[in-house]
Structures are given as C-alpha cells and as structure tokens.
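Commentary on secondary and tertiary structure
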Amino acid sequence: MPWKLAGGLAAFAAALLLAGWIQHQHVRSERLADCQAIASGELARTAGERCPAAVLAQLEAGRAAQACDQALQQSATSPALWGAPPSCSAKVRDLAVRHNAARSALADRERELDQLRSGQLAAIARAEARGASQARRTANANAAIEAAPRDPAGLIVCDDLCLRRLAGEDVPGSGADRDRPD
C-alpha cells in the first residue's frame, strides 16, 4: 500500500506541476498578447502592465527610431540644416551636428569665393580703366608729336613755348591767353 500512496502522491505532484506549468504558460501568453497589442498600438502602456519592462523599453526605442526617421526624412527634403529630434539616438544627433557644420563651412567657402570673384571683377575693371587712360594719353602724345612744326628734313623744330602749347598749357601770347580779361 505504501506504493500506491507514493504513486498517488507522485501523480498528484505531477498534476500540480503540470497545472503550474500551464498557468505559467497562460501568464506568458497573456504577457505576449499585451506586448503585441502595445507594439501594434492597440493598448496604452498602462493597460499592458504585464509586458516586461525590457520589452517595453525596446518597443519605446523602436517608436523613437521611427519618429526620428520620419523627422529626418522630412528635413532631408529641405535644403536647410538638419534638425535631429530628441527621439533620435546620440549617434544620429551627432551625425546631424556634423552635417550642419559641414553645410555651414561649405556656405562660408561659397561666400568667400563670391567675394574673391567680385574683387577680381573690380580689379579687372580698374585695370581696363587704367589701360584706356594710358591709351588716351599715348594717343594725345602721338597727336602732339604729329602736330609739331618740322623743318625741311622732317625733324621737329619746337622751342619752349611750342612744347608748352603742344602740352596744352596756357602760354603767354597764345590764343588762349588773348581770350582772358586783364
């Protein structure tokens, strides 16, 4: 008879273990169902308290990553600087900061190039004005040389007054002097 009692106790213990295991599996399935409902957005966090904290943290991180992706895709379509929302990871925010710094440096270089180009254009305009002025002076000097009196051999014969007149100065006794009132 002790064997029957021992067998009955063993069967009862096995039934208790099986019932405990089934209860444990039921609780696990409820937790899984809660976690799945939270992941799909059907349950609020407070309704799914049976979901383990580690799984909730992973779900929150996944949602934050989705929000970060959406924000970055929206900011990537505009040429402005990137704004990484706080939901993004530190690596993504660091990347956004480096991207913004590179864009800012590029804009600085473009401004410098524009300034250099405008400086070059101004220098070219000044050089052209100097060249035109020099050409006028050379043409005037050549005209004065051609207008100078010459001797029969073709050599220029001009005294001091003649040179002043050719240079365009007022010379006593010249026509410009006669027009002045005394």
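Residues numbered from 1 in each chain as written. Predicted model: local features only at pLDDT ≥ 70, side-chain atom pairs only at ≥ 80, totals over all residues. Heavy atoms only, no water.

1. Re the overall build of the protein chain
From N to C terminus, the protein chain includes 5 helices and 0 strands. Ordered by position from the N terminus, the helices and strands of the protein chain form the series α-α-α-α-α. Across the 182 residues of the protein chain, 11% fall into the buried class. Intrachain contacts of the protein chain at a sequence separation of at least 6 include 7% that bridge at least 24 residues. For the protein chain, the computed accessible surface area is about 14,100 Å², with 61% contributed by carbon and sulfur atoms. (Helix = DSSP H or I, 4+ residues; strand = E, 2+ residues; numbered from the N terminus. Buried < 20%, exposed > 50% of the residue type's maximum accessible area, 1.4 Å probe, protein only. Contact = heavy atoms within 4.5 Å. Areas by Shrake-Rupley, 256 points an atom, 1.4 Å probe, with all protein chains shown as cover.)

2. Some details on helix H3 (residues 90–147)
A rise of 1.5 Å per residue sets the reference length of H3, with its 58 residues, at 86 Å; its end C-alpha atoms lie 85 Å apart and thus fit the reference within 8%. Looking at the buried residues of H3, the elements they touch are helix H4 (160–167). (Expected span 1.5 Å × (residues − 1).)

3. Here we look at a nonpolar patch on the surface
Taken together, the side chains of Leu18, Trp21 and Ile22 define a hydrophobic patch exposed on the protein surface, amounting to about 330 Å² of accessible area. The residue Trp21 is located in helix H1 (residues 2–40) in this model. (Patch = residues over 30% accessible without salt bridge, like charges linked within 9 Å, V, L, I, M, F, W, Y side chains within 5 Å. Salt bridge = Lys/Arg side-chain N within 4 Å of Asp/Glu carboxyl O.)

4. A word on the pattern of salt bridges
With the rule as written, the count across this model stands at 4 salt bridges. Residue Arg98 pairs with Asp94 through a salt bridge whose shortest N-O separation is 3.1 Å. Placement of both Arg98 and Asp94 in helix H3 is noted, with a separation of 4 residues, approximately one turn of the helix. For the salt bridge of Arg111 with Asp108, the shortest nitrogen-to-oxygen distance reads 2.2 Å. Of this pair, Arg111 and Asp108 both sit in helix H3, separated by 3 residues, roughly a single helical turn.

5. Topic: the confidence of the model for the protein chain
When pLDDT is averaged across the protein chain, the result is 76; 72% of the residues are at 70 or more. Averaged pLDDT values for the elements of the protein chain fall to 46 in helix H5 (residues 175–178) and rise to 90 in H3. Counting interchain partners and residues more than four positions distant, the pLDDT-below-50 stretch residues 176–182 has 5 contacts. (pLDDT = per-residue confidence, 0-100.)

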